[in-house]
Amino acid sequence: MTSGEGPARSEAEMMIAEAKKALWVMVGLLAVIWVIQLINAPTGYDLSREFGIEARDPASLPEIFSSPFLHYGWGHIEGNSGPLFVFGFLAAYRGVKKWLGVSVLIIIASGLGVWFISPSHSVTVGASGLVFGYFGYIIVRGLFDRHPIDIVIGLVMALCFAYQFASLLPSQEGVSWQGHLFGFAGGIIGGWLFRDKRPKAVTSPDPATTLLPKNFG
């Protein structure tokens, strides 16, 4: 084994280990969301109305952190679950700790967008803000981190899910484009804030141009 194979193998093993953690984290997240749905649905979605984001109501600001885990129907949660799992895993496979920071940023950005811009007296819930946040994060992460694999993943995701960009603008009544747009923006900002910090290269001075101290006898 050459000297370069050791670090390369170690990096690959670390990435596989993080990918395994990311897989189980997303399975756990979806399990929590579905358990809440099983409790919420029989009550006629009382939890959604109580813990959703009511636009411009100061008392509703804490619900920014509860609304992504709530939904208004089986079709609603089913439509979010697949993209949430795929995009969430791709966002987390390089590091679950970084993913947690990105997730909190997306939740806050999406929730504040809903709180400020949604129609008065509307109550918004759903994980779609997270979905679009992860989508934005995946697209730009490779560019900020300068990882070729992530650049390819971001490009493929952007091309395969290009139709999703239409959901960032007002289109369908009852769909929170505000959460989509601000979540997407939060993901892009997260890509920049949580980018890999690379140490600056330190160059040694050129001996030929180094000035020698003068000695006076």
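Counting restarts for each chain: residues are numbered from 1 in the order of the written sequence. Where local features are concerned, this predicted model is filtered to residues with pLDDT of at least 70; where side-chain atom pairs are given and counted, the filter is 80 or more; whole-chain, interface and lining totals use all residues. Excluding hydrogens and water, the side-chain figures rest on all heavy atoms present in the structure.

1. What to know about the layout of surface pockets
Of the pockets and cavities examined, the largest pocket occupies roughly 690 Å³. Lining the largest pocket are 39 residues, with Thr124, Val125, Ser128, Val175 and Ser176 sitting closest to its centre. Here a strand is any run of E in DSSP of at least two residues, a helix any run of H or I of at least four, and the numbering for each starts at the N terminus. Elements with a contribution of two residues or more to the lining of the largest pocket: α3 (74–92), α4 (96–117), β2 (123–124), α5 (128–145) and α7 (177–193). For the lining of the largest pocket, a count of residues per class yields 17 nonpolar, 21 polar and 1 charged. There is about 210 Å³ of room inside the second largest pocket. Cavities and pockets were defined on a 1 Å grid built over protein atoms only: a cavity is a set of grid points that admits a 1.4 Å probe from which the probe cannot escape, a pocket is an open set flanked by protein on both sides within 12 Å along at least five of seven lines, and lining residues are those with an atom within 4 Å of any such point. Every residue lining the second largest pocket is listed: Glu11, Met14, Met15, Glu18, Arg94, Lys98, His147 and Asp196. Considering each element in turn, the lining of the second largest pocket owes the most residues, 4 residues, to helix α1 (residues 5–40). Looking at the lining of the second largest pocket, its residues break down into 2 nonpolar, 1 polar and 5 charged. Grid points are joined across faces, edges and corners, and a volume is the space filled by probe spheres set on the points. Classification convention: Asp, Glu, Lys, Arg as charged; Ala, Val, Leu, Ile, Met, Phe, Trp, Tyr, Cys, Pro as nonpolar; all other residues, Gly among them, as polar.

2. As for the side chain of Asp150
Tracing the backbone through its elements, the reader meets Asp150 in helix α6 (residues 148–160). Classification of Asp150 by relative accessible area gives buried; the value is 0%. Ignoring anything within four residues of it in the chain, the contact list for Asp150 reads Tyr93, Arg94, Ile138, Arg141 and Gly142. For the exposure calls, accessible area comes from a 1.4 Å probe over protein chains only, and a residue counts as buried if that area is under 20% of its type's maximum, exposed if over 50%, partly exposed in between. In what follows, a contact means two residues having at least one pair of non-hydrogen atoms within 4.5 Å.

3. Looking at the packing of α4 against α5
Their axes nearest at 10 Å, the elements α4 and α5 cross at an angle of 125°. Here α4 is positioned oblique relative to α5, judged by the angle of their axes. The element α4 and its partner α5 pack so that their crossing is right-handed. Side by side, α4 and α5 meet where Lys98, Trp99, Val102, Ser103, Ile106, Ile107 and Ser110 of the first sit next to Gly129, Leu130, Gly133, Tyr134, Tyr137 and Asp145 of the second. Every axis in this analysis is a line fitted to C-alpha atoms, fitted for helices over the stretch in contact. Angles between the N-to-C directions lie between 0 and 180 degrees. Convention used here: angles under 35 degrees read as roughly parallel, angles over 145 as roughly antiparallel, angles from 65 to 115 as roughly perpendicular, and any remaining angle as oblique. The hand of a helix crossing depends on one turn: near helix anticlockwise from the far one by less than a right angle means left-handed, and clockwise means right-handed.

4. Re the UniProt feature "transmembrane region" (unreviewed entry) in the chain
UniProt positions are given in the numbering used here, feature names are shortened, and annotations may be inferred rather than shown by experiment. The feature "transmembrane region" (unreviewed entry), as given by UniProt, occupies residues 21–39, 72–92, 99–117, 123–144, 151–169 and 175–194 in the numbering adopted here. Helix and strand shares over residues 99–117 are 100% and 0% respectively, and the end C-alpha atoms of the span are 27 Å apart. In residues 123–144, helix accounts for 77% and strand for 9%; the two terminal C-alpha atoms are 35 Å from one another.

5. Quick notes on the side chain of Asn40
Among the structural elements, Asn40 can be located in helix α1. For Asn40, a relative accessible area of 0% corresponds to the buried category. Residue contacts for Asn40: discarding those within four places in its chain leaves Tyr45, Asp46, Leu47, Ser48, Leu70 and His71.

6. Points about the environment of Phe65
Position of Phe65 among the secondary structure elements: in the loop between β1 (53–54) and α3. You can call Phe65 partly exposed: its relative accessible area is 46%. For Phe65, the contacting residues outside a window of four places in its chain are Ile107 and Ile108.

7. Side note on the packing of aromatic side chains
Each aromatic pair joins two rings of Phe, Tyr and Trp (for Trp, the six-membered one) with centres within 6.5 Å, and gets the label stacked for planes under 30 degrees apart, edge-to-face for over 60, and tilted for any other angle. Within the structure shown, the criterion is met by 12 aromatic pairs. Ring centres of Phe165 and Phe184 lie 5.9 Å apart, and the angle between their planes is 85°; on these two criteria the pair is classed as edge-to-face. With Phe165 in the loop between α6 and α7 and Phe184 in helix α7, the pair connects residues that are 19 residues apart, well separated along the chain. For Phe165, a relative accessible area of 32% corresponds to the partly exposed category. Note on Phe184: relative accessible area 13%, which makes it buried. In this structure an aromatic cluster arises from ring pairing among Phe87, Phe135, Phe161, Tyr163, Phe165 and Phe184.

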